Amino acid sequence: METAAAQAIGNLVTPAVQAGGGIIGCLRRKYGYVRNLNDNIAMLEREERYLLSKEEDVITMLDRKDHIMERTRECTTWLDEVRVMKGKLQELRNRYQNTSRRFCGLCPFPSLLKLGKTIVIKIEEVIVLKSRIDQITIMHQRAPMAPVPVIKKHPEKIDNVPSLNEHVEALLRLLKEDNLKRIGIWGLPGVGKTTVMENLNNKIRETQLYDNVFWVTLSKGGSVRKIQLIILEQLKLEVKEIHDTDQIADMISEVLVNKRYLLLLDEVFSEINLKEVGIHDDHEHGAVIFAYRDRDFCRFMDDHIKIERLSNDDAKNLLRKIVGGIIDRPSYKKIADRLLKECGGMPQVIKLIADSLRNEDDPAVWRHLLSDMQSPGTEPVQEIQEVYKAFKLVYDKLQVDKKPCLLYWAFFPPDYEVYQEYLIECWKAEQFIVEARKLGDARDKGHAIIREFEKKSFLEKGSKAGHFKMPIFLRRMALKIMYHEVKDSKFLIGDGEEIEEQPSDEEWEDVQRVSLIGQKLCNLPNMPACSKISTLLLQKNSSLTKIPELFFEHMCGLQVLDLYDTRIISLPSSISSLINLRVLYLNNCGQLAELPPQLEKLKSLEILDLRCTGLLTLPEELAHLTSLKCLRVSFKQNFGCPNHINGQLEEMIPSNVIASLSSLQELSIDVDFRNQSWDHIVDRVAEEVASLKALTSLCFYFPRISCFETFIENCISWKRNSLEWEGNGFRSFRILVGNHKVDNFLGFDFFGYTAERHLRFSTGEEDIPFTLSKILNKALSFELIGHHRTKNLSIFGTEYLKEVEACTIEECNEIESIIDATIATGVSFEFLQKLHLINLPKLVSIYKGSIDSTSLTKLTTLTLKSCPKLKCLFPGDMVQLLCHLQDLQVEDCSEIKEIIKDGSIVQSEALPKLKNMELHNLPRLFRICEDSSLEWPSLEIIKIKTCSELKDLPFSVENAPKLRVIECTINWWSELNNSVKDRLKDLHSFT
């Protein structure tokens, strides 16, 4: 303090060295207090500013870290002292200002002396107070909060509902994988997403997998702010007056960065930017699960799960749990089954319906509820209004041109699987897709629409490739919307079950669309008055044998007519009235032996399907259908000479019929390889096909190489394809070259894949022409069958195989390897997904020579059957590339001894995605893999049959955690090593 005082009075004080020095020094100090008054007040104000700056820094630190730390008592005392000091300094400043006004000789010296001395003292006190903060601890860690790790939910118990419980277990498995941080679950409104999430929440509470689990229900009004507030509340963080979401996000991120946490977001309707919440990818121990209705939101997820509808057994158990055993009584059983069918496996709908029937023992009430649910023209029953509104909300958000496409599904019976290409053709005929002039463009748009419907859970994939179905409950919703939105609408729609009475003439009157699919119709009205009709679906009525002569008389507006799989023997002459008909399906009308001459009147017809009919020849009138864009026809019968009809000699396809169809874009002519009539006309028909300028899709059988070569050299569309792919040329093809007894095409349905290109070559002893490479260069799947001169596929060159995704090689006696790197270098089969090798007596290896690191890396399925010289399936350098292999089947290979070659240097996760392994009839196989460190993280099913030398398996619950079953015989299992049986004892299933 003496130093500060001395500086304040101008360093006037010096030590006394003689007697009386003390008095002189005292006088000098007093004089200094007065003489330096103005300078000292300026110094005081400067030191005060430093002190206030220190105070602001401390307060800012306290605010920033208040959520994780708290101030010390020392800090609180210091801030209190600063507050008191500021008050004192203000008083001193006021005294100074009053004194300054009286400096003109009027202020007494003692007052000035006292003021000056006080200022010097306060300077020193401020300096000391300012420096003291550097010697104290400002904040320390807060005491541990009372944990609120998981808030328990009270969901519907699903232990007895395997359909939902499996999803909970699947999510738990995913959460245990360290690399998964974002998981999506998606499905229909009411399918059980919330129930699954709530049960998962409670499971985690039991397992203590996470320190904190945050549950947020967003609904339509959800926001980043809502998520932040719930996290803050559960973490007991106070944000005081902070309203900026970015600051709150930083605070949340700082707290969670090292925590194990799970964020459950239910009812998510839009994308959420987690960074704005404070959730970041560098949070190593954090995970987020989103529940969406639309799969499209899951595209940014690490993984996703679709919540499927309940199985029939689970649905019935849920109904029984609520209403009791009444559903098993004879008078209720049938009604309950039909109610469950209407509910379509939707747990929320089942629960709502069951709650309304709880303690209801009058079967009439049950029947009335069923009738209300089935009636499309009435308002949805009160019990399911909420679910209907949820469906309607998603429907309303569809683009206007897509809404009729969705509602069109309602014209098909419940759970009816519709082929996507067929549906797109109907949409185009009904002019729902109007801007696409070419069929290929319409198919592309149709595929995009169907994918969107699937992502929004409106549709589900069927059991067959390319087939989709609308859940029955949504079909009912679509019907209700259709009846309410289309004014004065009238439809005649069956449910795909045998009808007790044939529809009356009144029901047909003024109808706009008719769907009586699979109704076992026997009769049709003679001349229905339905001039407004646009779609008539009568397929799969096997009892329908005759169409009345005047049936089509008043149907000039008809655009879609489907008579598939009926037993009609002819078409009436009134078909000439269908001047606006765009698609006509007569496929599988096996009794239909001829077409009427009035067919030529169908000038608007664009698609005609004549496959699998009784027709022996195409009518010449077909040449007049100049608008025809797609023709599908098949001739399966075997004839050794030209067809004889009514005593006249006629060809299967008359001259110039194909050439006259100048608008033709898609052509499929399916001919049995035994049909010798085809051999007589194929050159002439191929020449006509080659002249078509608009052709983009072709299915054709060339029995001779010469015919094939001539076609490729002369085909206008193919030449254009070779020059420019996009928008021109062949979008798809199925070309078969050579005569071989194999009558299947790898399960391939030509019009199932609009952009697919397929080639089969089976010419026995003939050389492979260079022309074949032109086709192979564009092919996505390739079959080489019964060719007896080729030793490997490398003779084609790797550049011609680069686009092939599926390959089958069968009954080729000279094949020794599939790829020979000594002949063709570079990447081979870069995009190959499926490889089938069948009956190859000389095959010794799949790959010969050094394999390129990007070859075969996309392979998912590998099948080998009857390859007796193959001794080892995978050398070490090959197995390293099979990172996507999922299914492996090896059968009837008598010499094979091991799957992965002994001594190979294999990474521990060389086959990370292998799910299924089948080993059948391999008598010399003794080892799958010697390296016990190899992991099998995705392996689920192993099937072993007749492998007597295989007594050891490299699998365990540790290296194959997903292994569910080993299917084998009891005799083979008994011969296994005891150590193998001990570690896999609970997994065997005897066959």
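Residues numbered from 1 in each chain as written. Predicted model: local features only at pLDDT ≥ 70, side-chain atom pairs only at ≥ 80, totals over all residues. Heavy atoms only, no water.

## Thoughts on the pattern of salt bridges
And step 1. Following the criterion strictly, the structure yields 47 salt bridges and no others.
And step 2. The partner of Asp-281 in a salt bridge is Arg-182, with the nearest N and O atoms 3.2 Å apart. Here Arg-182 lies in strand S3 (residues 182-186) and Asp-281 lies in the loop between helix H10 (274-277) and strand S6 (286-292), a separation of 99 residues in the sequence.
And step 3. Overall, Arg-182 belongs to the buried group, its relative accessible area being 9%.
And step 4. Notably, a salt bridge pairs Arg-309 with Glu-460, separated by 2.8 Å at the nearest N-O pair. Of this pair, Arg-309 sits in the loop between strand S7 (303-306) and helix H11 (312-323) while Glu-460 sits in strand S9 (residues 460-461), and the two are 151 residues apart along the sequence. (Salt bridge = Lys/Arg side-chain N within 4 Å of Asp/Glu carboxyl O. Helix = DSSP H or I, 4+ residues; strand = E, 2+ residues; numbered from the N terminus. Buried < 20%, exposed > 50% of the residue type's maximum accessible area, 1.4 Å probe, protein only.)

## Digging into the packing of helix H6 (residues 162-175) against helix H7 (residues 193-207)
And step 1. The interhelical angle for the contact between H6 and H7, taken along N-to-C directions, is 50°, at an axis separation of 9 Å. The pairing of H6 with H7 is recorded here as oblique in orientation. Both H6 and H7 take part in a crossing whose hand is right-handed. Residues Leu-164, His-167, Val-168, Glu-169, Leu-171, Leu-172 and Leu-175 of H6 pack against Thr-195, Val-196, Asn-199, Leu-200, Lys-203 and Ile-204 of H7.
And step 2. A per-class count over the contact of H6 with H7 returns 8 nonpolar, 3 polar and 2 charged. (Axes fitted to C-alpha atoms, helices over the stretch in contact; angles between N-to-C directions. Parallel < 35°, antiparallel > 145°, perpendicular 65-115°, else oblique. Left-handed = near helix turned anticlockwise from the far one by under 90°. Contact = heavy atoms within 4.5 Å. Nonpolar A, V, L, I, M, F, W, Y, C, P; charged D, E, K, R; others polar.)

## What about unusual backbone geometry?
And step 1. Phi is positive for Asp-510, which is not a glycine, with a value near 60°.
And step 2. Mapping Asp-510 onto the fold places it in the loop between helix H20 (505-508) and strand S12 (513-515).
And step 3. Under the relative-accessibility criterion, Asp-510 is labelled partly exposed at 40%.
And step 4. Phi at Phe-829 takes a positive value of approximately 55°, unusual for a residue other than glycine.
And step 5. Here Phe-829 lies in the loop between strand S26 (817-820) and strand S27 (834-838).

## Quick look at the sheet that holds strand S10 (residues 467-469)
And step 1. Here we have 3 strands laid out as an open sheet, ordered S8-S10-S9, and antiparallel in their pairing. Looking along the sheet, the strands with just one partner apiece sit at the ends: strand S8 (418-419) and S9.
And step 2. Here S9 runs beside S10; their pairing, made up of 2 bridges, is antiparallel. Its bridge partner lying in S10, Glu-460 is registered against Lys-469. (Pairing = 2+ DSSP bridges.)

## Regarding the sheet that holds S7
And step 1. In spatial order, the strands read S4-S5-S6-S3-S7; together these 5 strands make up an open sheet with parallel pairing. The sheet terminates laterally at strand S4 (212-217) and S7, the two strands that pair on one side only. The mean angle between the axes of side-by-side strands here comes to 15°, regardless of whether they run parallel or antiparallel.
And step 2. By the bridge criterion, 6 bridges tie S4 to strand S5 (residues 261-268) in an arrangement that is parallel. In the sheet register, Phe-214 faces S5, and the bridge partner there is Leu-263.

## Some remarks on the confidence of the model for the protein
And step 1. The pLDDT averaged across the protein works out to 84; a share of 88% of its residues lies at or above 70.
And step 2. A low-confidence stretch, residues 1-6 stays under pLDDT 50, and its non-local contacts, those more than four residues away or across chains, total 4 contacts.
And step 3. A low-confidence stretch, residues 723-728 (pLDDT under 50), is modelled with 7 contacts involving residues beyond four sequence positions or located in other chains. (pLDDT = per-residue confidence, 0-100.)

## Digging into the packing of aromatic side chains
Two aromatic rings, taken as a pair, are described by how far apart their centres are and by the angle between their planes.
And step 1. Across all of its chains, the model carries 24 aromatic pairs by this definition.
And step 2. Both rings, one in Tyr-408 and one in Phe-432, keep their centres 5.8 Å apart while their planes meet at 80°; by these two values the pair is edge-to-face. Within this pair, whereas Tyr-408 is found in the loop between helix H16 (403-407) and S8, its partner Phe-432 is found in the loop between helix H17 (420-429) and helix H18 (439-455), the two being separated by 24 residues in sequence.
And step 3. Summarising the aromatic geometry, the rings of Phe-700 and Phe-702 are spaced 4.7 Å apart at their centres and angled 50° between planes, so their arrangement reads as tilted.
And step 4. Given the relative accessible area of 0%, Phe-702 is considered buried.
And step 5. One aromatic cluster is present, formed by Tyr-408, Phe-411, Phe-412, Tyr-416, Tyr-422, Phe-432, Tyr-483, Phe-491 and Tyr-585 through successive ring pairs.
And step 6. Above the ring of Tyr-395, the side-chain terminus of Lys-403 is found at 5.3 Å from the ring centroid. (Phe/Tyr/Trp six-rings, centres within 6.5 Å; stacked < 30°, edge-to-face > 60°. Lys NZ or Arg CZ within 6 Å of the ring centre and 35° of its normal.)

## Quick word on helix H9 (residues 245-256)
Structural remark: α-helix, 3.6 residues per turn; residues separated by three or four positions point the same way.
And step 1. The first and last C-alpha atoms of H9 sit 16 Å apart over 12 residues, in line with the 16 Å expected at 1.5 Å per residue.
And step 2. Within H9 the residues assigned to the buried category are Ile-248, Ala-249, Met-251, Ile-252, Ser-253, Val-255 and Leu-256.
And step 3. Looking at the buried positions of H9, the neighbouring elements they touch are S4, helix H8 (224-235), S5 and H10. (Expected span 1.5 Å × (residues − 1).)

## Regarding the environment of Ile-433
And step 1. Within the secondary structure, Ile-433 sits in the loop between H17 and H18.
And step 2. Looking at Ile-433, the relative accessible area reads 2%, which means it is buried.
And step 3. The spacing of Ile-433 and Lys-402 is 31 residues in sequence and 8.8 Å in space, taken between C-alpha atoms.
And step 4. Those residues in contact with Ile-433 that lie beyond four places of it in its chain are Ile-424, Trp-427, Lys-428, Ala-442, Lys-445 and Gly-446.

## As for the packing of H17 against H18
And step 1. The interhelical angle for the contact between H17 and H18, taken along N-to-C directions, is 110°, at an axis separation of 9 Å. If you check the angle between H17 and H18, you find them roughly perpendicular. Considering only the axes of H17 and H18, their crossing is right-handed. Facing H17, whose interface residues are Gln-420, Glu-421, Ile-424, Glu-425, Trp-427 and Lys-428, H18 presents Leu-439, Ala-442, Arg-443, Gly-446, His-447, Ile-449, Ile-450, Arg-451 and Phe-453.

## A short note on the environment of Ser-543
And step 1. Here Ser-543 shows up in the loop between strand S13 (535-537) and strand S14 (560-562).
And step 2. For Ser-543 and Gly-518, which are 25 residues apart along the polypeptide, the C-alpha to C-alpha distance reads 9.6 Å.
And step 3. Every residue in contact with Ser-543, bar those within four places of it in the chain, is listed here: Lys-520, Leu-521 and Cys-522.

## Quick look at the side chain of Arg-927
And step 1. Along the chain, Arg-927 turns up in the loop between strand S33 (916-920) and strand S34 (941-945).
And step 2. For Arg-927, a relative accessible area of 17% gives the class buried.
And step 3. Within the structure, the side chain of Arg-927 is placed 3.1 Å from the side chain of Glu-898, a separation counted as a polar contact.
And step 4. For Arg-927, the residues in contact, after removing those within four places along its chain, are Lys-897, Glu-898, Ile-899, Asp-902 and Leu-950. (Polar contact = N/O pair within 3.5 Å; in protein donor to acceptor, adjacent residues only side chain to side chain.)

## A few points about the nonpolar core
And step 1. Core analysis: the biggest nonpolar cluster contains 153 residues, and Leu-536, Trp-678, Leu-873, Phe-874, Trp-936, Leu-953 and Phe-955 have the highest contact counts within it.
And step 2. Of all the elements, helix H22 (residues 676-690) adds the most residues to this core, at 7 residues.
And step 3. Among residues more than four places away in sequence, those in contact with Leu-953 are Ile-928, Ile-944, Ile-966, Trp-972, Leu-976, Val-980, Arg-983 and Leu-984. (Core = buried A, V, L, I, M, F, W, Y, C linked by side-chain atoms within 4.5 Å.)

## Here's the deal with helix H14 (residues 363-374)
And step 1. Between its terminal C-alpha atoms H14 stretches 17 Å, which fits the 16 Å expected from 12 residues at 1.5 Å a residue.
And step 2. Regarding H14, the residues found buried are Trp-366, Leu-369, Leu-370 and Met-373. The arc that holds the buried residues of H14, viewed along the axis, is 100°, so those residues lie on one side.
And step 3. The inward-facing, buried residues of H14 abut H11, helix H12 (330-343), helix H13 (347-357) and helix H19 (472-485).
And step 4. At the N-terminal boundary of H14, the capping side chain belongs to Asp-362, with an oxygen 3.0 Å from the backbone nitrogen of Ala-364. (Arc of directions from axis to C-beta.)

## Side note on the pairing of strand S16 (residues 607-610)
And step 1. Side chains Ile-607 and Asp-609 project from S16 onto one buried face, and the interleaved Leu-608 and Leu-610 project onto a second face that is buried too.
And step 2. Here strand S15 (residues 583-585) runs beside S16; their pairing, made up of 3 bridges, is parallel. Bridging from a neighbouring strand, Tyr-585 pairs with Asp-609 of S16.
And step 3. With 4 bridges connecting them, S16 and strand S17 (residues 630-635) associate as parallel partners. If you follow Asp-609 over to S17, its bridge partner there is Arg-632.

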